[in-house]
Amino acid sequence: MIPIFPEQPARLGVYTLIRLLGSHEHTDRYLASQEHVERKVIVEVLRPTAEEEEIGNFVGSARARVGSKLPHVAKVLDSGCADSYWYLTQDLPPGTPLSVRTPGEALSVDDICRIVLAAAELYCAAAAADLPVLALDADMIYLTSKGAVHFLSPVTVGGSHRTEQTQQAMRQLGLLLKPFLPVNVPGQTRAATLIEWMAEGYEGQMLDWEGIGSTAQLIRQQLNPSATAAPLKSVVRVHDVNSSMRRENQRRRKYTRNALLGGICLLIVAAMSQLGHLFTFKVAHQLSPVKDGYVLCEGARVMSRPVSINEYAQFLDALKNMSKAERDAINKGIPENARKHEPDDWIGMQQDAINHRNRYGRELTPDAPVVNVSYWDALAYSRYARRRLPDAKLLQPVRATLGASALEEWTATRTNDDPVIGDACIILSANNSGARKNKAPLPQAECDPGARNPNRTFRLHAK
């Protein structure tokens, strides 16, 4: 595009336009200085050939940006008309815009992930606030030498937030960042995979910003755990292809902004994404009535409840009396340091179960689900019981149909050599709260099969 002001410096009202940062179809953005206060700002100027409708949209966008508060976004300072040019002034963010970088000047993997994560926070917050937003241009993205990310506001006119706008924003950011991908550095493949998912989707499906942001945070945590601002949990929600529809329905029902933002923050903190394995589970399975503690699903008999504390105690007792050959068979493939199989807090759990006391925020009984067990513990128990752990696609409809659960569950499903997280176990999340009550539990990735959690259990199935 031909710049509105081909030569700089140029005067516009009380502003001196110092440098062109980006030229677009309807506007240009300039680095400028403001008289009297002697500060640097960003001035966005509408082309003088703009029609009345474009002028109305420009002015409306300025008003919308003034009234919005989004993470990482610079403050809008002023708007008006000077010398027959409509303009909008924003704070100059720290750092430099991507638009002034030399083509081919690579960013680090961490910087790529920081930009993606910040954009995810921005667009998720816009969705929660029901704000219409545009895609980010290179001259709207600022990065400091220390990796801090700031944006010029993408808020626009147009009523309410639209999913297709944020999907287009994800595509454009992926395409924008692609030329900046580094090569011959640790994490380059993971960063390239992340950008490819943003620009092209996965198997024809566009992903959501929550999952993309979680993946970016995971890559940062993997490459440099000490670099992340907060400790990360070892699970993350896998992208659910119905999530966009769910969020749209949530917005239509006008869920509170804080509730949505809380869910978004939870996803970002729990940043262990599994976007490389999108589970398109269906929950419309016909399950048989519960009979002898099992239900029939997909031709398999699945326990109608998790393994109990009492049942697990019997396993530990039996394990003590087994021969070495029997124990070796049960522990085949299980690391030496994971063969004890006694749950964390086992004595306290048993005592409170016997006395029907509260523990972990719920009443325990001998028939309550055993918790604080690892994947290795669940695998060993399944071999002892001569049953199997159900895979995620089998367990999800069972849990969704039988009703809400406050516990996560290990499954037999595992990933191998994933470009983002490598090897991981897939667990199913709790589905007992808020909009997820009685809905299909989302799959999550657990990178440590030895991890134990007071809210995690397992069940078995048999043919």
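Residues numbered from 1 in each chain as written. Predicted model: local features only at pLDDT ≥ 70, side-chain atom pairs only at ≥ 80, totals over all residues. Heavy atoms only, no water.

For the chain, an unreviewed UniProt entry supplies the name Formylglycine-generating enzyme family protein and the organism Candidatus Akkermansia intestinigallinarum.

K.L.:
Before we move on, can you summarise the overall build of the chain with the specific residues and values?
P.N.:
Scanning the chain from terminus to terminus reveals 12 helices and 18 strands. Within the chain, buried positions represent 51% of all 463 residues. In the chain, once contacts between residues fewer than 6 apart in sequence are set aside, the share between residues at least 24 apart is 68%. Accessible area of the chain: about 21600 Å², with a carbon and sulfur share of 49%. (Helix = DSSP H or I, 4+ residues; strand = E, 2+ residues; numbered from the N terminus. Buried < 20%, exposed > 50% of the residue type's maximum accessible area, 1.4 Å probe, protein only. Contact = heavy atoms within 4.5 Å. Areas by Shrake-Rupley, 256 points an atom, 1.4 Å probe, with all protein chains shown as cover.)

K.L.:
Outline the pattern of salt bridges, supporting the account with residue identities and numerical values.
P.N.:
Tallied over the full model, the rule gives 22 salt bridges. A salt bridge links R101 to E105, with the nearest nitrogen and oxygen atoms 3.2 Å apart. One salt-bridge network, in which partners are shared between bridges, spans R29, E44, R65, D137 and D139. (Salt bridge = Lys/Arg side-chain N within 4 Å of Asp/Glu carboxyl O.)

K.L.:
I'd like a description of unusual backbone geometry, backed by residues and values.
P.N.:
Following Q8, the chain continues into P9 via a peptide bond in cis, with omega recorded as 10°. Look at D83: it is not a glycine, yet its phi comes out positive at around 55°. For D83, a relative accessible area of 52% translates into the label exposed. For N184, which is not glycine, the phi torsion reads 60° and is therefore positive. Within the element layout of this structure, N184 appears in the loop between α3 (163-177) and α4 (188-200).

K.L.:
Quick one: what's the story with the environment of V302, residue by residue and with numbers?
P.N.:
Tracing the backbone through its elements, the reader meets V302 in strand β11 (residues 300-303). Along the primary structure V302 and V398 are separated by 96 residues, whereas in three dimensions their C-alpha atoms are 7.8 Å apart.

K.L.:
Go over the confidence of the model for the chain, please, and point to the residues and values.
P.N.:
The predicted model of the chain has a mean per-residue pLDDT of 82, with 82% of residues at 70 or higher. Note on residues 228-285: pLDDT under 50 across the span, and 135 contacts to partners over four residues away in sequence or across chains. Contacts for the low-pLDDT stretch residues 432-438, under 50 throughout, to residues beyond four places or in other chains number 16 contacts. (pLDDT = per-residue confidence, 0-100.)

K.L.:
Let's hear about the sheet that holds strand β1 (residues 10-12): which residues, and what values?
P.N.:
For sheets, the rule is that strands pair by backbone hydrogen bonds, running either parallel or antiparallel. Here we have 6 strands laid out as an open sheet, ordered β1-β2-β3-β4-β6-β5, and antiparallel in their pairing. Strands with a single pairing partner mark the edges of an open sheet, and in this sheet they are β1 and β5 (76-82). Neighbour-to-neighbour, the strand axes of the sheet open up by a mean angle of 35°, direction not taken into account. Alignment of β1 against strand β2 (residues 15-23), held across 3 bridges, turns out to be antiparallel. Bridge pairing in β2 links R11 to T16. (Pairing = 2+ DSSP bridges. Axes fitted to C-alpha atoms, helices over the stretch in contact; angles between N-to-C directions.)

K.L.:
An account of the nonpolar core is requested, with residue identities and associated values reported.
P.N.:
Nonpolar side chains tend toward joint burial in soluble globular proteins. The biggest cluster of nonpolar side chains holds 52 residues, and the ones touching the most others in it are I115, L177, M198, W209 and I212. Those elements giving two or more residues to this core turn out to be α2 (109-128), β8 (141-143), β9 (149-151), α3, α4 and α5 (209-223). Residue contributions to this core peak at 14 residues, all from α2. Excluding its chain neighbours within four sequence positions, the residues that come into contact with W209 are V116, A119, A120, Y123, C124, T166, A169, M170, L173 and M198. Core analysis: the next-biggest nonpolar cluster, separate from the first, contains 34 residues, V307, A313, M349 and Y381 among them. (Core = buried A, V, L, I, M, F, W, Y, C linked by side-chain atoms within 4.5 Å.)

K.L.:
Residue-level account of the pairing of β2, with values.
P.N.:
In this structure, the hairpin formed by β1 and β2 is closed by a connection of 2 residues, where G13 is found at a positive phi of approximately 60°. Hairpin connection of β2 to strand β3 (residues 27-34): 3 residues between the antiparallel strands.

K.L.:
Can you lay out the packing of α2 against α5 for me, pointing to particular residues and giving the numbers?
P.N.:
One way to put it is that α2 packs onto α5 with a least axis distance of 8 Å and a crossing angle of 150°. The angle between α2 and α5 places the two elements in the roughly antiparallel class. You can see that α2 and α5 cross each other, and the crossing is left-handed. Residues V109, D110, C113, R114, V116, L117, A119, A120, Y123 and C124 of α2 form the contact with α5, whose own contacting residues are W209, E210, I212, G213, A216, Q217, I219, R220 and L223. Partitioned by chemical class, the residues of the contact of α2 with α5 number 13 nonpolar, 2 polar and 4 charged. (Parallel < 35°, antiparallel > 145°, perpendicular 65-115°, else oblique. Left-handed = near helix turned anticlockwise from the far one by under 90°. Nonpolar A, V, L, I, M, F, W, Y, C, P; charged D, E, K, R; others polar.)

K.L.:
Requested: an account of the pairing of β5, with residues and values cited.
P.N.:
In this sheet, strand β6 (residues 85-91) lies alongside β5 in antiparallel orientation, the contact comprising 6 bridges. If you follow C81 over to β6, its bridge partner there is W86. In this structure, the hairpin formed by β5 and β6 is closed by a connection of 2 residues, where D83 is found at a positive phi of approximately 55°.

K.L.:
Go over the packing of α2 against α3, please, and point to the residues and values.
P.N.:
Put simply, α2 and α3 touch, their axes get as near as 12 Å, and they point 165° apart. Judged by the inter-axis angle, α2 sits roughly antiparallel to α3. Relative to α3, α2 is oriented so that their crossing is right-handed. Touching I112, I115, V116, A119 and Y123 of α2 are T166, A169, L173 and L177, all from α3.

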